[in-house]
Amino acid sequence: MRHFSRLFSVMAGPRPVVCSGPSGVGKSTLLKKLMKEYEGVFGFSISHTTRKPRPGEQNGIDYHYVTRDVMQAGIGNGDFIESAEFSGNLYGTSKAAVQEVQSKNLICLLDIDMQGVKNIKKTDLNPMFISIQPPSMEILEKRLRGRKTESEESLQKRLQTAKIEMEFSKEPGAFDVIIINDNLDDAYAKLKDALKEEIDKVKKVSS
Ligand SMILES: Nc1nc2c(ncn2[C@@H]2O[C@H](COP(=O)(O)OP(=O)(O)O)[C@@H](O)[C@H]2O)c(=O)[nH]1
Ligand SMILES: Nc1ncnc2c1ncn2[C@@H]1O[C@H](COP(=O)(O)OP(=O)(O)O)[C@@H](O)[C@H]1O
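Values in this document were obtained by computation on a predicted structure and should not be read as measured data.

Quick notes on the sheet that holds strand β1 (residues 17-20)
Strand pairing within a sheet occurs via backbone hydrogen bonds; the two strands may be parallel or antiparallel.
Here is step 1: Here we have five strands laid out as an open sheet, ordered β2-β7-β1-β8-β9, and parallel in their pairing. The open sheet terminates on both sides in strands that have one partner only, identified here as β2 (42-44) and β9 (177-180). Averaged over all adjacent pairs, the angle separating strand axes in this sheet is 25°, with direction ignored.
Here is step 2: Alignment of β1 against strand β7 (residues 107-111), held across three bridges, turns out to be parallel. Paired with valine 18 across the strands is leucine 110, a residue of β7.

Shown next, in the form of structure tokens:
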């Protein structure tokens with residue numbers, strides 16, 4: 001059975017890519033750049049969350065914004081591949097979110113936290129795991145403050161979690177690739193390099 005489901009996930013399309021790293025490190029910035037440059041190659045797995053949308057974020061594009069009741073019912077129904085509580089809110093990847101991307105033969109990009117990484121490893125999704133890390137805690141804090149999206153309480157919570165996430169990324173085998181997002185252009189070049197083979201494969205199939 002396991003063999004068949006792995007075969008199915010291979011047949012379902014190109015290998016997905018999980019991007020993880022502390023809040024404020026620049027995951028969204030890097031992934032948005034990638035999707036803009038490679039339209040028709042990547043598709044974003046739109047997670048569900050109980051957190052409120054930030055100014056500029058759109059329902060159904062950045063996240064599916066739902067209540068805790070709705071999210072818990074979905075989890076209970078088995079609609080999610082993984083879900084986790086992060087900084088006081090629920091987040092989760094629905095099966096439908098990944099299927100939507102894979103059905104178009106796109107490389108599915110997942111932006112998930114450390115708990116999500118651990119749980120996805122228990123599934124047969126078999127993605128490439130990329131960790132995005134900040135040059136230092138000081139710079140991470142500066143970026144999070146600069147984004148102006150968090151209250152002081154939320155910011156402190158995220159920084160606490162960041163320390164744990166940064167320790168996890170050092171565990172051998174936790175990630176396939178670790179990219180330090182110091183200079184944005186350099187980090188982006190490294191990300192593209194890590195994904196080059198997969199990008200070429202998708203381009204070949206669609207050309
Ligand atoms: N496990 C899991 N984590 C998620 C999911 N979607 C987003 N996250 C993570 O939740 C954390 C908070 O995300 P968000 O509230 O958008 O804040 P940001 O990371 O500061 O932009 C980040 O670490 C995301 O990677 C998901 O579906 N599952
Ligand atoms: N290499 C970088 N240098 C300076 N600022 C950056 C860099 N990468 C991202 N940022 C900024 O840091 C903030 C956090 O980035 P964001 O993409 O929202 O992080 P995440 O999605 O990991 O929480 C944003 O204001 C973004 O513009």
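Moving on, there is more to tell.
Some details on helix α2 (residues 27-37)
Here is step 1: What α2 keeps buried is the set Lys27, Leu30, Leu31 and Leu34. Considered in projection along α2, the buried side chains sweep an arc of 95° and stay on one side of the axis. Opposite the buried face of α2, by more than 90 degrees, sit the exposed residues Lys32 and Lys36.

Thoughts on the site of ligand 1
Here is step 1: Surveying the vicinity of ligand 1 reveals 19 residues, the closest of which are Ser23, Arg51, Tyr63, Tyr91 and Asp111.
Here is step 2: Here ligand 1 loses 97% of its free accessible area of 570 Å² to cover by the protein chains.
Here is step 3: Because more than half of its atoms lie within 2 Å of the grid, ligand 1 is assigned to the largest pocket.
Here is step 4: Those elements giving two or more residues to the shell around ligand 1 turn out to be β5 (80-86) and β6 (89-94).
Here is step 5: Its residues placed into classes, the shell around ligand 1 shows five nonpolar, six polar and eight charged.

Cut-offs applied
Residues numbered from 1 in each chain as written. Chains lettered and ligands numbered in written order. Predicted model: local features only at pLDDT ≥ 70, side-chain atom pairs only at ≥ 80, totals over all residues. Heavy atoms only, no water. Pairing = 2+ DSSP bridges. Helix = DSSP H or I, 4+ residues; strand = E, 2+ residues; numbered from the N terminus. Axes fitted to C-alpha atoms, helices over the stretch in contact; angles between N-to-C directions. Buried < 20%, exposed > 50% of the residue type's maximum accessible area, 1.4 Å probe, protein only. Arc of directions from axis to C-beta. Near = heavy atom within 4 Å. Areas by Shrake-Rupley, 256 points an atom, 1.4 Å probe, with all protein chains shown as cover. 1 Å grid on protein atoms, 1.4 Å probe; cavity = no way out; pocket = protein on both sides within 12 Å on 5 of 7 lines; lining within 4 Å. Sits in = over half its atoms within 2 Å of the grid points. Nonpolar A, V, L, I, M, F, W, Y, C, P; charged D, E, K, R; others polar.

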